[in-house]
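Structural features, examined
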Amino acid sequence: MDFMSQVVQQLINGVSLGSIYALIALGYTMVYGIIKLINFAHGDIYMVGAYIGFFAVANAGLGIFPALIISMVLTGLLGCLVERVAYKPLRHAPRISLLITAIGVSFFLEYASMLFVSPTPRTFPEIFDSSVAYHIGEFIVNGQQLLIFAITFVLTVLLTYIVQKTKIGKAMRAVSFDTETAQLMGIDANRVISATFGIGSALAAAGGVLVGVYYNSIDPLMGIMPGLKAFVAAVLGGIGSLPGAVVGGLILGVIEAFVSGFLSSTFRDAAAFAILILVLLFRPSGIFGRDAQEKV
Amino acid sequence: MADMLEIKDIHVYYGAIHAIKGVSLSVRQGEIVTLIGSNGAGKSTTLRTISGLLKPKEGDILFEGESIAGRPAQDIVKAGISQVPEGRRIFANMTVMENLELGAFSRSDADGIEADMHMVFKRFPRLLERKEQAAGTLSGGEQQMLAMGRALMSHPRLLLLDEPSMGLAPLLIREIFSIIEDINRAGTTVLLVEQNANMALSIAHRAYVLETGRIALSGDAKELAASEEVRKAYLGG
């Protein structure tokens, strides 16, 4: 393969990985937009989503699409539950208390999962015959990658529709812009916050199931690194911005693929965090972020 | 006539600060009542407590005979009270249309919402011209109109207005106040908080003067406007 086709091939790999980051980053950015919390437990929610998908496929013998939907629904409910139990009582507490609680929830989910499903990695059943790959010219796209593109695309369009056009979506934007005034409109801010956690967690669950399908292996600590990477993606895109989360996720995925493809995969993670440092130094509001002016 | 809104000796705190120290007031159906007083007297705090954003520690608030004190904000809107907050607080990143739709959030009667949307556009024709525009691009006066239109979209029986004259040119203030009178004539009861006591007393039926968390004076708006005490303290001599 010549250099250019290698570039295109890495681009395909990068967009696959980046799509997963985007799905997780959307939840990060939505929750941040609405209660200004960096939900460090979000990566672990994604892990739980992967496990629910795994059990649905491996134990209940379901197909990938029913498994995906079941995982999204149950993980969405888990997200609402976490918010209700851990974050809601701290609504008027200083933000640092929320952040520390999020780290606590993260550990809780990780070690509770080890207790219930054992720390041993599980092998995700093969959904696609991995020898089947599609050749587009000289480039190779496999079934898993096509599934990732398609699901991410559909979910992003669906989310955009919900946020822009539906009543709950408008309420989410209003609460995110000015919670108190939203309440004066008759919006129940607690319900909107709960819905935001639910939707964000469901998207992370989709990412978890797709990663299981893509990499075949899941374990209780699998959420830590992608959780941090998705955080980088959300900051890169501009935290609080939905298009920012998707674009940030894709850019991060592509950069990681290029670094592993052309330099060495050992530098992959370093590249992601170097991006975080650079963004924070030179453009803290990210690509799509509004300038971070404090409201008076 | 029976009191539509009755506030009975409420005490409100911001943390340790005792902001409202036993305020009682009433608004009768069909009236414009104004609450005047200097900065920090507790005017906005009183409105925020009525709207359910703050809970009174003591005392009670009755709306049409029913206690609403301490109920969540969304219930208060459903009960028939809406507020135009201080500083307008429009949703700047959303369109004029979306702002109005949010005003009708608590309703599900599509026909009624449609009718009120027409009413708002009739009252504020400039909003119709700008309905697809981001609300943040409107001028100060237009934003005040949007905030009022948005509050009317919940079809309130009692409208709370917090400093509608703030930051507006005198001509615009006059326009806004004449619209408030129109809204009142069309059947909506109004509780108006103002620092611009002159304007407020000129359109109100009755008035209360708030001083550091307590009602200092109350009575007929015309009489208060004429009284020596009020003239000295609030009307600039």
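The model shown is predicted, which means the values in this text are computed figures rather than measured ones.

So, the environment of V235 of chain A
Residue and element names in this part refer to chain A. Counting through the fold element by element, V235 comes out in helix α9 (residues 224–237). Accessibility expressed as a relative area gives 8% for V235, which makes it buried. Each C-alpha atom, one on V235 and one on A58, is 36 Å from the other, the two residues being 177 residues apart in sequence. In contact with V235, other than residues within four places in its own chain, are L276, V279, L280 and G286.

Notes on the nonpolar core
The biggest cluster of nonpolar side chains holds 89 residues, and the ones touching the most others in it are L37, Y87 and I187 of chain A together with L102 of chain B. Look past the residues within four positions of Y87 of chain A in its chain and what remains in contact with it is L37, N39, A41, V82, L98, T101, A102, V105 and F197 of chain A. Grouped together as the second largest cluster of nonpolar side chains are 46 residues, L161, L201, A207 and V209 of chain B included.

Things to note about the interface of chain A and chain B
At the junction of the two partners, chain A supplies 17 residues and chain B supplies 22 residues. Around 1900 Å² of area is buried between chain A and chain B when both sides are counted, 62% of it from carbon and sulfur atoms. Of all residues in chain A, F177, L184 and M185 of chain A give up the largest surface area on contact with chain B, accounting jointly for 35% of the area buried on that side. The interface formed by chain A and chain B includes 5 salt bridges. For E98 of chain B, the salt bridge identified is with R173 of chain A, shortest N-O distance 2.9 Å. Across the chain A-chain B interface, the total number found is 9 residue pairs in polar contact (both at pLDDT 80 or more). Breaking the side of chain A that touches chain B down by element, the ones donating at least two residues are α6 (167–177) and α7 (179–184) of chain A. Top element by residues in the side of chain A that touches chain B is α6 of chain A. It accounts for 6 residues. Grouping the constituent residues of the side of chain A that touches chain B by class yields 7 nonpolar, 4 polar and 6 charged.

Rules of the game
Residues numbered from 1 in each chain as written. Chains lettered and ligands numbered in written order. Predicted model: local features only at pLDDT ≥ 70, side-chain atom pairs only at ≥ 80, totals over all residues. Heavy atoms only, no water. Helix = DSSP H or I, 4+ residues; strand = E, 2+ residues; numbered from the N terminus. Buried < 20%, exposed > 50% of the residue type's maximum accessible area, 1.4 Å probe, protein only. Contact = heavy atoms within 4.5 Å. Core = buried A, V, L, I, M, F, W, Y, C linked by side-chain atoms within 4.5 Å. Buried area = accessible area lost by both parts, 1.4 Å probe. Salt bridge = Lys/Arg side-chain N within 4 Å of Asp/Glu carboxyl O. Polar contact = N/O pair within 3.5 Å; in protein donor to acceptor, adjacent residues only side chain to side chain. Nonpolar A, V, L, I, M, F, W, Y, C, P; charged D, E, K, R; others polar.

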